[in-house]
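Per-entry structural report
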Amino acid sequence: GNTIAQDEPEVNFNFAVESYYLYDFNKPADKELPSFLYSHNRHNEIAINEFFLKGIYDSENIRAAGSLIFGDYQRRNYSAEPTAFQYLFEARVGYMPANNLWIDAGIFPSHIGLESTLNYENWTLSHSIIAHNSPFYEAGAKATYTTDQWLFSFLVLNGWQVIRDNNDNKGVGTQIQFKPVENVLLNSSTYFGEGYNLADSLTTDRIFHNFYCVVDWSSDLSSAISFDNGWQEFMSDNEFHTWWGTSFVTKYNFSSKVSLAGRIEYYNDKENIIISAPDEFNTMGYSLNLDCKPVDNILL
């Protein structure tokens, strides 16, 4: 006789390796690029930026993921975490108590910014400075509700890119996405809470907002603009001081195998809130990117 099949849980595994060679014309003596760059930071060396291994579990109302990450990105970006957590990219579990509503807890990718940790998912190989200097990962719990046009998310976090919390303070975040038409995506993400993962007596507040808009002009041409603004309280004067940055990127697909992208950006952190520098930090940045896919699972 015939039987009616029920939805079976899905378990999937995937991995990726990103190797690179970089030449810095400043020729740093220690072969390290500046500390505010978290990917591709070794000079004149064939290196591994990311080795990524992930397992995913999906059922009708339960989901989970665990992933490990190794390489130069991980070495720099997780250096403040205890050794036990330095290789964890994701460790999360989620439950859907009602249609379109998910509750997730654990370690998960940041709700801030357009760019992914995994460079092959981005339009350009290099991250923008605003992406480098806002969270790539977060630890906490979040509730996310989605419709065809909207996404609403509320998060309670251990802090600003923090897994192991060193105090009793927490951060909260929000994310709202809206698609007014099929080819336009608007995103607003916020963070309110501790700026640095310090003892309670030293903790000061941070307020941060990230906005981006993605437009698909056609099936082959897309553009995105991002804008970040942050305010950090200083203990010295109990006043809020600010930093900000912006980037604009456009991508064109010549074919399913070849694409070209370019980015222009500006970052202003004159009071060295995010980026430690001997002087006021403000800079322009430029990137030109050519992608080639000789086969489906290889990207040059």
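Here we summarise the structure given alongside this text. (Residues numbered from 1 in each chain as written. Predicted model: local features only at pLDDT ≥ 70, side-chain atom pairs only at ≥ 80, totals over all residues. Heavy atoms only, no water.)

**Considering a nonpolar patch on the surface**
A contiguous nonpolar patch, built from F15, V17, I48, L53, L68, F70 and Y87 and spanning about 620 Å² of accessible area, is present on the exposed surface. Elements with a contribution of two residues or more to the nonpolar patch: β1 (10-22), β2 (45-58) and β3 (62-70). Topologically, V17 is positioned in strand β1. Using a relative accessible area of 53% as the deciding quantity, one classes V17 as exposed. (Patch = residues over 30% accessible without salt bridge, like charges linked within 9 Å, V, L, I, M, F, W, Y side chains within 5 Å. Areas by Shrake-Rupley, 256 points an atom, 1.4 Å probe, with all protein chains shown as cover. Salt bridge = Lys/Arg side-chain N within 4 Å of Asp/Glu carboxyl O. Helix = DSSP H or I, 4+ residues; strand = E, 2+ residues; numbered from the N terminus. Buried < 20%, exposed > 50% of the residue type's maximum accessible area, 1.4 Å probe, protein only.)

**Digging into the nonpolar core**
Ranked by size, the top nonpolar core spans 20 residues in total, and within it W160, Y191, F208, W243, Y267 and I275 carry the most contacts. The set of elements that each furnish at least two residues to this core consists of β1, α2 (129-132) and β7 (150-157). Residues within four places of F208 in sequence aside, it is in contact with I112, S134, W160, S189, T190, Y191, D228, N229, G230 and W243. If you look at the next biggest cluster of nonpolar residues, it comprises 11 residues, including F52, Y73, F136 and I163. (Core = buried A, V, L, I, M, F, W, Y, C linked by side-chain atoms within 4.5 Å. Contact = heavy atoms within 4.5 Å.)

**Things to note about the pattern of salt bridges**
Applying the stated criterion across every chain yields a total of 12 salt bridges. With its nearest N and O atoms 3.0 Å apart, the salt bridge here joins E45 to R42. Measuring nitrogen to oxygen at the nearest pair gives 2.6 Å for the salt bridge that ties R63 to D104. Of this pair, R63 sits in strand β3 while D104 sits in strand β5 (residues 101-109), placing them 41 residues apart in sequence. The class for D104 is buried, based on a relative accessible area of 1%.

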